[in-house]
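Structural features, examined
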Amino acid sequence: MTKPAAKDLMTSLDLEALSRLSDRVDLPALLQAAGNMSDGQLKQLERMLSGAGDSAHDDLPTPNADFLGQFGSLTPEQRDVAAQVRGFMQREVAPIMNDHWSRDTFPQELIPRLRELNLLRRIWNEDGTRKPDATLMEGLITFEACKVDVSTAVFFGVHAGLATASIALGGSAEQKAEWLPRLLDMTAIGAFGLTEPEGGSQVSQGMRTTCKRDGDHWVLRGQKKWIGNSTFSDMTVIWARDVDDQEVRGFIVRAGTPGYAVEKIEGKISLRMVENGLITLSDCRVPDRDRLQNTGGWRTTADVLRLTRAGVAWQGVGCAAGAYELALAYAQQRKQFGKAIGEFQMVQRDLVLMLANVTGMLATCLRLSDMADAGDMRDEHAALAKVFTAARCRETVALARETFGGNGILLEYGVAKQFADAEAIYSYEGTNEINSLVVGRAITGFSAFV
Ligand SMILES: Cc1cc2nc3c(=O)[nH]c(=O)nc-3n(C[C@H](O)[C@H](O)[C@H](O)COP(=O)(O)OP(=O)(O)OC[C@H]3O[C@@H](n4cnc5c(N)ncnc54)[C@H](O)[C@@H]3O)c2cc1C
């Protein structure tokens, strides 16, 4: 440890607190890990160690967003997967995420390490059918990832959800045989191109990207915007409208296909670690064998989105739960006016509101996942969960950020990233308004779509 922050850490250590901590943590391992930490993380560790010296706060409850024990009914396998993802996020992602978030880059080195967890095979069977508890499993993975870093969950969701589901639901036996083993292994990474620069909400009716049959090829023209993972994906599923019969068709477009160009979208204020691309298709020729053979027009696209919307609802819960736990830990140790701020009534009220939000969101998503896995989930069910969790997530991260005062806007305290990332969750996979219209139509019997 030669960095200035490491020197500060060593000189500021409260040795008495350190000896008390040694009963609870593996100190040699902790100090070794500190050698690989960034300056911001070292400062956090310093605060943690000096806070441990306050004997009045030694036995405070550990922050836990599952207040009602709703995860109590998980099977041992589901618990095991959740624990694996939790460990992975703390060990592999937490030390590097702020750096990548700041630089707008996705850490490619995470892919081989994620591959070792073999998570897609907890969701998908080799033939593209889903495991009996696929939606719940996907939800747990998403929840644990989002508690630490939403971008990692989004990278995974685009690949394991949107892209893999497109092949699983729309591919022929040959296409599944070619792509599913590589997608499940994560030796090929997928992306999903639906949204266009001129609009996401209206894309089902106003899709401008076109395809036209030309012998044994199709010619694709148009643009796709916001496409996650597309800057480095091996294949991207592109949805286009057939100029001859107006049907929506899906295509597997391989990286490097002539006429296919991806420009990274820079300057996001949310999910900065996810690489989103603007794809331009200029007379891009795709062989007919790479047209998704089993798509039934827009219906297949909608089937994919329905499956993945439940996952996005879980993103809101994970993001909020992470922010709540950070805020509670901070409120227990941050002192003002000679007291921990968690001793103040108004701070407690905010913490309770955050916890109530997370509790309701968790109940909604657990029920939604059960319905999806039983085959009973309809569009409006997934839409209601997405509307609810995205809105409550936004409220929760704002309160959590507020708990940190000025520190709440500093990346190193963690909550600022959750705060910013909630904004993207609120708008993608159907905005709050569009999902509200889906639910509104179901409950009133009137369609208010224009
Ligand atoms: C970080 C990020 C990642 C994404 N990743 C992907 C991806 O991998 N693949 C992909 O295909 N897409 C992706 N998207 C796109 C996303 O799904 C769209 O942004 C979303 O569907 C909204 O579309 P839009 O941004 O064009 O907004 P618009 O459709 O232009 O909507 C603008 C506003 O108008 C409102 N509005 C529109 N129509 C109505 C109406 N009828 N009634 C009331 N209000 C209305 C909307 O609710 C919204 O508030 C991503 C987006 C983001 C931000």
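Keep in mind that this is a model prediction, so the values were computed, not measured.

**Quick notes on the site of the ligand**
Taken together, 22 residues lie around the ligand, and Leu194, Gly200, Ser201, Thr431 and Glu433 are the ones closest in. If you list the elements that add at least two residues to the shell around the ligand, you get strand E1 (190-193), strand E3 (217-228), helix H14 (415-427) and helix H15 (432-444). The greatest single-element share of the shell around the ligand, amounting to three residues, is contributed by E3. A per-class count over the shell around the ligand returns eleven nonpolar, nine polar and two charged. Mapped onto the domain boundaries, the shell around the ligand takes at least three residues apiece from domain 3 (191-290) and domain 4 (300-444).

**Considerations on the packing of helix H11 (residues 298-333) against helix H13 (residues 379-403)**
Contact geometry for H11 and H13: axes closest at 8 Å, N-to-C directions at 20°. Relative to H13, the element H11 is oriented roughly parallel. Handedness of the crossing formed by H11 with H13: left-handed. Residues belonging to the contact of H11 with H13 are distributed by class as follows: 19 nonpolar, four polar and five charged.

**A word on the pairing of E3**
Examined bridge by bridge, strand E2 (residues 210-214) and E3 share five bridges and lie antiparallel to one another. Its bridge partner being in E3, Cys211 is matched across the sheet by Leu220. Hairpin connection between E2 and E3: a loop of two residues separates the two successive antiparallel strands, and Gly215 in this loop has a positive phi of roughly 65°. Here E3 pairs with strand E7 (residues 276-287) via nine bridges, running antiparallel. Residue pairing for E7: Ile227 is matched across the bridge by Gly277.

**Quick notes on the packing of H13 against H15**
Following both chains from N to C, one finds H13 and H15 inclined at 135°, their axes separated by 8 Å at the closest point. Taken together, the axes of H13 and H15 are oblique relative to one another. Handedness of the crossing formed by H13 with H15: left-handed. Counted together, Asp379, Glu380, Ala383, Leu384, Lys386, Val387, Ala390 and Ala391 of H13 and Asn432, Asn435, Ser436, Val438, Val439 and Ala442 of H15 form the full contact between these two elements. Residue composition of the contact of H13 with H15, grouped by class: eight nonpolar, three polar and three charged.

**Some remarks on H13**
The end-to-end C-alpha separation of H13 is 36 Å, in line with the 36 Å expected for 25 residues at 1.5 Å each. Where burial is concerned, most of H13 is hidden: 18 out of the 25 residues are buried. Directly after H13, the chain includes Gly405, whose backbone phi takes a positive value near 55°.

Cut-offs applied
Residues numbered from 1 in each chain as written. Predicted model: local features only at pLDDT ≥ 70, side-chain atom pairs only at ≥ 80, totals over all residues. Near = placed C-beta within 6 Å. Helix = DSSP H or I, 4+ residues; strand = E, 2+ residues; numbered from the N terminus. Nonpolar A, V, L, I, M, F, W, Y, C, P; charged D, E, K, R; others polar. Domains from an automatic or database assignment. Axes fitted to C-alpha atoms, helices over the stretch in contact; angles between N-to-C directions. Parallel < 35°, antiparallel > 145°, perpendicular 65-115°, else oblique. Left-handed = near helix turned anticlockwise from the far one by under 90°. Pairing = 2+ DSSP bridges. Contact = placed C-beta atoms within 7 Å. Expected span 1.5 Å × (residues − 1). Buried ≥ 20, exposed ≤ 12 C-beta atoms within 10 Å, placed from the backbone.

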